[in-house]
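Overview (structure and organization)
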Amino acid sequence: MYLNKALIGGNLTRDPEKRALPNGSAVTNFSLATTRVWKGADGQQQEATDFHNIVVFGRPAETSAMYLKKGQFAMVEGRIQT
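Just so we're clear, the structure is a prediction, and the values are computed from it rather than from any experiment.

Let us look at the overall build of the chain. Helices and strands together make up the secondary structure of the chain, namely one helix and five strands. N-terminal to C-terminal, the α/β element order of the chain is β-β-β-β-α-β. Relative to a compact globule of 82 residues, whose C-alpha radius of gyration would be 12 Å, the chain shows 16 Å and is clearly more extended. The C-alpha extent of the chain, read off along each of the three principal axes, is 55 × 35 × 15 Å. Counting every position in the chain, which comprises 82 residues, the buried fraction comes to 26%. Considering only contacts in the chain between residues 6 or more positions apart, those separated by 24 or more positions represent 53%. A total accessible area of about 6,300 Å² is found for the chain, and carbon and sulfur atoms account for 52% of it. Charge separation in the chain, taken as the distance between the mean sites of 10 positive and 7 negative side-chain charges, equals 6 Å.

This part covers the pattern of salt bridges. Within this structure, the stated rule accounts for three salt bridges. With its nearest N and O atoms 2.9 Å apart, the salt bridge here joins Glu77 to Lys5. Taken together, the residues span a long stretch of sequence, with Glu77 in strand β5 (residues 73–78) and Lys5 in the segment before β1 (6–12) at a distance of 72 residues. Each of the two residues, Glu77 as well as Lys5, counts as exposed.

Reading the values: rules and limits
- Residues numbered from 1 in each chain as written.
- Predicted model: local features only at pLDDT ≥ 70, side-chain atom pairs only at ≥ 80, totals over all residues.
- Heavy atoms only, no water.
- Helix = DSSP H or I, 4+ residues; strand = E, 2+ residues; numbered from the N terminus.
- Rg over C-alpha atoms; globule rule 2.2 N^0.38 Å.
- Buried < 20%, exposed > 50% of the residue type's maximum accessible area, 1.4 Å probe, protein only.
- Contact = heavy atoms within 4.5 Å.
- Areas by Shrake-Rupley, 256 points an atom, 1.4 Å probe, with all protein chains shown as cover.
- Lys, Arg positive; Asp, Glu negative; His and termini not counted.
- Charge placed at Lys NZ, Arg CZ, Asp CG, Glu CD.
- Salt bridge = Lys/Arg side-chain N within 4 Å of Asp/Glu carboxyl O.

This is the structure in structure tokens:
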């Protein structure tokens, strides 16, 4: 059995961009930033930020384009594609 499931919570780095596919269904793109903080070997606080490009299709694409704005926190569940 194979599993490809991701749960990402972070802040939007830009406003969502909504488009339409040739068949008429909606697709929305936005990106999330997640930051982790830890203490290094020298005791100093360090942080690293990862950026995740998100693509949403169909009715959820329309809803996310309508309600999400830059800087807002959002939680996304889906699969990772590289």
